[in-house]
2 protein chains.
Amino acid sequence: MALTLYHNDMSVCAQKVRLALAEKGLDYESKHLNLRAGDQKHPDYLKLNPNGYVPTLVHDGFVVCESTVICEYIDDAFPNPPLKPADARGKARMRGFTKFIDAAIFPATGVVSMSIAFHHQYAPEVHAKMEAARPGWLANFRNLQKGTENPAFPNSIKRLDKMLADMEAALSGHGKPWLVGDAYSLADVGNAPYVTRLDHLKFLDRMIAKRPKTAAWYERMKARPAYQDALVEWFNPTYLPLMEEKGNEAWPKVQALLAA
Amino acid sequence: MALTLYHNDMSVCAQKVRLALAEKGLDYESKHLNLRAGDQKHPDYLKLNPNGYVPTLVHDGFVVCESTVICEYIDDAFPNPPLKPADARGKARMRGFTKFIDAAIFPATGVVSMSIAFHHQYAPEVHAKMEAARPGWLANFRNLQKGTENPAFPNSIKRLDKMLADMEAALSGHGKPWLVGDAYSLADVGNAPYVTRLDHLKFLDRMIAKRPKTAAWYERMKARPAYQDALVEWFNPTYLPLMEEKGNEAWPKVQALLAA
């Protein structure tokens, strides 16, 4: 049995898949892509993943793209320990979370992370390459460079605040440790990277100050060995100080947007 | 056992869920919403579905939102006949289709359908109500009124052409009757309303003229009793002539965009 993962250290979608693999105790061959250099648009990679995203999982020659599909695949192909609740209602609650990660939380996180911190990492010589691979990239990049003044920023940070509100409501509603109840599931796996990103940007403590259930959930998540292996071990030491510095600078504006 | 479906006759997402229910032979209480009148933004409905979308399924008091999540739930709660392949690879292939319905095909269909035909159905007195319920609705509506000149139209119609190309590639690749192989699945259920919409707009025959596998798939789909019950029986007789007339008018421009 051979697993190969094409991924990136700090990509939220890659973090999610590494976490699912780690929870199953699965080893894999690591193929790390440099997204800032545009590795994900290399013709060889596009043969595996035509959209040019990370991650891609290859299992004995079978290629799976899209992190949510990959996580479901990992649980279907390697059922123990399970990462889906046993019952239909639990699975639906779980997919209620993973659906909105894809539909809203992922794009909102891209806007927030790039506007605050990551746009600083794209060297000018990369811009033309990115624009060629993804027409419209440069126009969007100019907005990202506006930081919290990016027109897309207010709705994006509010959507991430809603993610935390939804987590708090779910955890308070059932009083159980994980998002869909007693069963740790792909809902927890899915949300973990997004909560972590807000932590790295130094927004999280402020945003969960009045959300004790979510704060406790995050402590439980960080205590899992799989979280250590799949996320912490891969944290990029050049990214963390950038996110912390730029996030702290932006917080007063972010706070005002959230209070509005 | 009680099932209640909040839905709309011509909504692609509702068609998808009705088709899954019909394939399982499940009866349900029908609650039909008038989307043009904004029923989906009524406070009572928002308690069930906070985003104000159709459909919503209620099963013995358990509320499920989001059509892809609902379809998975129907198959989990009522396993026979199965609408998911038995093996992990088949399920991943199936979710490769349903993922892109949510991420790209649904929004592209909204742009195409509204730009060509449905914007004609919104009476001026409804505009303010829609804008109040969904800020930004009116600015978007002004673009929809531009028809094929809507800035979002070219990429949207090209994405639907890619849907057909992907179907043709999958069907040609394995030579089997359904999208993921021998097993009729939620991939077929999911794509059926979108192919049907192109048919109603009179684009489909022209777009699949050189895609014989997809044309044969559509004939097989239309021959299923569940398709008759879930889609054809609900076709709205005031919508079909509008879509046909406006679609035929728009075709020369659509053809030029697809050839570009």
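Residues numbered from 1 in each chain as written. Chains lettered and ligands numbered in written order. Predicted model: local features only at pLDDT ≥ 70, side-chain atom pairs only at ≥ 80, totals over all residues. Heavy atoms only, no water.

### Focus: the relation of the copies chain B and chain A
- Rotating chain B by 180° and moving it 0.0 Å along the rotation axis overlays it on chain A with an RMSD of 0.0 Å. Those values place the two copies in the arrangement expected of a two-fold rotation axis. Considering only C-alpha atoms, the residue of chain B closest to the rotation axis is Ala103 of chain B, which sits at 3.5 Å.
- Comparing interface residues between copies, 100% of those in chain B also lie at the interface in chain A; the contact surface is shared. (Least-squares fit on C-alpha atoms with pLDDT ≥ 70 in both. Contact = heavy atoms within 4.5 Å.)

### Looking at the interface of chain B and chain A
- Counting residues at the interface gives 21 residues for chain B and 21 residues for chain A.
- Interface area, chain B with chain A, both sides summed: about 1,900 Å², of which 65% is carbon and sulfur.
- A per-residue breakdown of the area chain B buries against chain A is headed by Phe62, Arg89 and Lys99 of chain B, which together make up 29% of the total.
- Linking chain B with chain A are eight salt bridges.
- Close ionic contact of Glu66 of chain A with Lys99 of chain B constitutes a salt bridge, the shortest N to O distance being 3.7 Å.
- Linking chain B to chain A there are seven residue pairs in polar contact (both at pLDDT 80 or more).
- Broken down by element, the side of chain B that touches chain A gets its largest block of residues, ten residues, from helix 4 (residues 88-116) of chain B. (Buried area = accessible area lost by both parts, 1.4 Å probe. Salt bridge = Lys/Arg side-chain N within 4 Å of Asp/Glu carboxyl O. Polar contact = N/O pair within 3.5 Å; in protein donor to acceptor, adjacent residues only side chain to side chain. Helix = DSSP H or I, 4+ residues; strand = E, 2+ residues; numbered from the N terminus.)

### Quick word on the pattern of salt bridges
- The full count for this structure, using the stated rule, is 38 salt bridges over all chains.
- Between Lys31 of chain B and Glu29 of chain B there is a salt bridge, with the nearest N and O atoms lying 3.4 Å from each other.
- For the salt bridge of Lys222 of chain B with Glu219 of chain B, the shortest nitrogen-to-oxygen distance reads 3.3 Å. On the criterion of helical spacing, the pair formed by Lys222 of chain B and Glu219 of chain B is a turn pair, its members being three residues apart in helix 10 (residues 212-222).
- Using a relative accessible area of 32% as the deciding quantity, one classes Lys222 of chain B as partly exposed.
- Salt bridges here are not isolated pairs; linked through shared partners, they connect Lys24, Glu72, Asp75, Asp76, Lys84 and Arg95 of chain A together with Lys24, Glu72, Asp75, Asp76, Lys84 and Arg95 of chain B. (Buried < 20%, exposed > 50% of the residue type's maximum accessible area, 1.4 Å probe, protein only.)

### Considerations on the confidence of the model for chain A
- Put simply, chain A has an average pLDDT of 96, and 100% of its residues get 70 or more.
- Note on the complex model: pTM 0.95, ipTM 0.94. (pLDDT = per-residue confidence, 0-100.)

### A short note on the environment of Leu35 of chain A
Residue and element names in this part refer to chain A.
- Its location among the elements puts Leu35 in the loop between strand 2 (29-32) and helix 2 (43-48).
- Look at Leu35 and you get buried, because its relative accessible area is 14%.
- Apart from residues no more than four positions distant in its own chain, Leu35 is found in contact with Asn8, Ser11, Gln40, Val54 and Tyr122.

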